[in-house]
Amino acid sequence: MQMSELHANRLANRIKLKDEHIITRMANIAEGLTDVIKLGRGDPDLDTPAHIVKAGQDALGRGETHYGHPLGLPALRKAIAENIKAHGGADYSPDEIVVTPGGQHAMFVIALSLLNPGDEIIVPCPGYNPYSQAAELSDATVVPVRMSMETNFTLTAEMVAKHITPKSRVLVLINPNNPTGTVTAPDEVEKIAKLAIEHDLIVISDEIYARLTYGNQRIQPVASLPGMRERTITLSGFSKAYAMTGWRVGYFAGPRELIVAMAEVNHAFAISVASVSQHAALAALTGPQECVEEMRKTYDERRKALCAGLDAMGIRYAEPQGAFYVYADVAAATGIPASQFCERLLAEGKVMIYPGTIYGDYVDDYVRMSLTQPVPRIEEAIGRMKAVVDTIRAERKAPAA
Ligand code: PLP
């Protein structure tokens, strides 16, 4: 008993258990409920397009059931290189690309390969939290750059500059960002890149949502900017643009000098990615691309429906410009912390959303709402949310005697 407590404490210190417990708590609440509207996870409800599924089935039929090339299927790496270039990215050769079982896995490979104990890694806050977890497991120091409504929750070069020290080694840029659904404008990305060159930083550029932007937003790939190819690791994957979360295919690309060693670490972790999934990913890139635009339009409609509902309730939010999330300030609207609001919304309204603290937010004010349900379900979720918001507002006006 004493021994297991010791181990538990060591583990808690090592991975700095933050808010995991709230997801567990919410999962426990949801367990006893029916008809929960799930706007929590970043997992599209849309199906993987049929031609991609068929390519996976065909691969299975052909017996593609063995280990593959450690860097990934050569044809897939060639297609990834062409795809990156076609979207304004850097010119990579297929041996500068490593296919991984999801982009998330790539974060750990990159952090464990690049970071020494004591190195500083600058991350957006709030931002997709596995970057911090990967850095902590590498005994690096996480330096969060706090973003706020003031810049629509986007990073600016000025904010990044304030956090650079002689120990800074890596900067993470997630564009569009998760959980905020916001976009760092191309001119700002250029300024951030100049800072990276000036201070000799490596940039991990997470462009997994780059195909999903709204209005006239555009994502500037970091590695194609002058002087950046040699110091950028571009991370992306198939989960979001092609609704392929369950296939588990992502990748990272970078200069050969860095990639050789990282490929070795990746091989030690994963050997290779499921062959069936890689053939499906190949079909995703080489097949018709209309499906991406159709999904983007679907998220755009949902985004508008959700924002209209929040507007009607007087809940402010960061302008959603990309990805499929809306980041909303429920604390200002209700007077209670966002994490508490999420639990009440689930228990009383049967709507699942996540508090921003899960993504490292430094204030417990915001919630992330995923656009992963059809418009009628989003409207239903808004109706349920309004009822819970009204109840909380009424309680706060007339506290129980
Ligand atoms: N990068 C960002 C910003 C994400 O939000 C996610 C998943 O939500 C990933 C990477 C990893 O996705 P996957 O491992 O499914 O490729």
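Our structure is the block above this text.
As the structure is a prediction and not an experimental result, all values here were calculated from the model.

> Looking at this structure, how should I read the sheet that holds strand β7 (residues 232-237)?
Two orientations exist for strands paired in a sheet by backbone hydrogen bonds: parallel and antiparallel. Within the open sheet, the seven strands sit side by side as β2-β8-β7-β6-β5-β3-β4. Their pairing is mixed. Bordering the open sheet on either side are β2 (97-100) and β4 (141-146), each of which pairs with just one other strand. For this sheet, the mean angle separating the axes of adjacent strands, direction not counted, is 20°. Across six bridges, strand β3 (residues 120-125) lies against β4 in parallel orientation. Following the sheet pairing, Glu120 is matched in β4 by Thr141. The sheet strands contacting helix α4 (residues 74-86) are β2 and β8 (250-253), and the helix crosses β2 at an angle near 115°.

> What is the right way to look at the nonpolar core in this model?
Here is a general trend for soluble globular proteins: nonpolar side chains tend to be buried in one another's company. Counting 77 residues, the largest nonpolar core has Phe238, Tyr242, Leu310, Phe341 and Met385 as the members making the most contacts within it. In terms of residues, this core owes the most to one element, helix α11 (residues 290-313), which gives nine residues. Excluding residues that lie within four positions of it along the chain, Phe238 makes contacts with Leu76, Ile80, Ala243, Met244, Val249, Tyr251, Ala281, Ala284 and Leu285. Val109, Ala111, Val172 and Ala263 belong to the second largest nonpolar core, which has 27 residues in total.

> What is the right way to look at the pattern of salt bridges in this model?
A side chain of one charge can pair with a side chain of the opposite charge when the charged atoms of the two come close. A full pass over the atoms with the stated rule returns 20 salt bridges. With a closest N to O distance of 2.6 Å, Arg25 and Glu343 form a salt bridge. Taken together, the residues span a long stretch of sequence, with Arg25 in helix α2 (residues 20-31) and Glu343 in helix α13 (residues 338-349) at a distance of 318 residues. By relative accessible area, which is 36% here, Arg25 ends up partly exposed. A salt bridge links Lys386 to Asp390, with the shortest nitrogen-to-oxygen separation between them at 2.7 Å. Taken together, the residues Lys386 and Asp390, both in helix α14 (residues 375-397) and four residues apart, mark about one turn of the helix. A single network of salt bridges, built from pairs that share partners, joins Asp35, Arg377, Glu380 and Arg384.

> Mind showing me how you'd approach the site of the ligand here?
Around the ligand, 13 residues are found, and the nearest of them are Gly103, Asn178, Asp206, Ser239 and Lys240. Tyr209 places a side-chain nitrogen or oxygen 2.8 Å from an oxygen atom of the ligand. Between Ser239 and the ligand, the recorded distance is 2.6 Å, taken from a side-chain N or O atom to an oxygen atom. Among the elements that take part in the shell around the ligand, helix α5 (residues 103-114) stands out by supplying three residues, more than any other.

> Whenever I open this one, the layout of surface pockets confuses me. Can you help?
Taking a probe equal in size to a water molecule and rolling it over the atoms shows the remaining empty space. Here the second largest pocket is characterised by a volume of approximately 400 Å³. Considering the residues around the second largest pocket, the lining is formed by 23 residues, among which Asn83, His87, Glu207, Ala210 and Arg211 are closest to the centre. Mapped by element, the contributors of at least two residues to the lining of the second largest pocket are α4 and β7. Top element by residues in the lining of the second largest pocket is β7. It accounts for three residues. By residue class, the composition of the lining of the second largest pocket is 13 nonpolar, seven polar and three charged.

> It is not clear to me how empty space enclosed by the protein should be interpreted in this structure. Could you clarify?
A complete count under the given rule lists one cavity of 30 Å³ or more for this structure. The computed volume of the largest cavity comes to approximately 50 Å³. What lines the largest cavity is Pro124, Met147, Phe153, Thr154, Leu155, Leu173, Ile174, Asn177, Thr182 and Thr184. Among the residues forming the lining of the largest cavity, the class breakdown is six nonpolar, four polar and no charged.

Reading the values: the criteria
Residues numbered from 1 in each chain as written. Predicted model: local features only at pLDDT ≥ 70, side-chain atom pairs only at ≥ 80, totals over all residues. Heavy atoms only, no water. Pairing = 2+ DSSP bridges. Helix = DSSP H or I, 4+ residues; strand = E, 2+ residues; numbered from the N terminus. Axes fitted to C-alpha atoms, helices over the stretch in contact; angles between N-to-C directions. Contact = heavy atoms within 4.5 Å. Core = buried A, V, L, I, M, F, W, Y, C linked by side-chain atoms within 4.5 Å. Buried < 20%, exposed > 50% of the residue type's maximum accessible area, 1.4 Å probe, protein only. Salt bridge = Lys/Arg side-chain N within 4 Å of Asp/Glu carboxyl O. Near = heavy atom within 4 Å. Polar contact = N/O pair within 3.5 Å; in protein donor to acceptor, adjacent residues only side chain to side chain. 1 Å grid on protein atoms, 1.4 Å probe; cavity = no way out; pocket = protein on both sides within 12 Å on 5 of 7 lines; lining within 4 Å. Points joined across faces, edges and corners; volume = space filled by probe spheres on them. Nonpolar A, V, L, I, M, F, W, Y, C, P; charged D, E, K, R; others polar.

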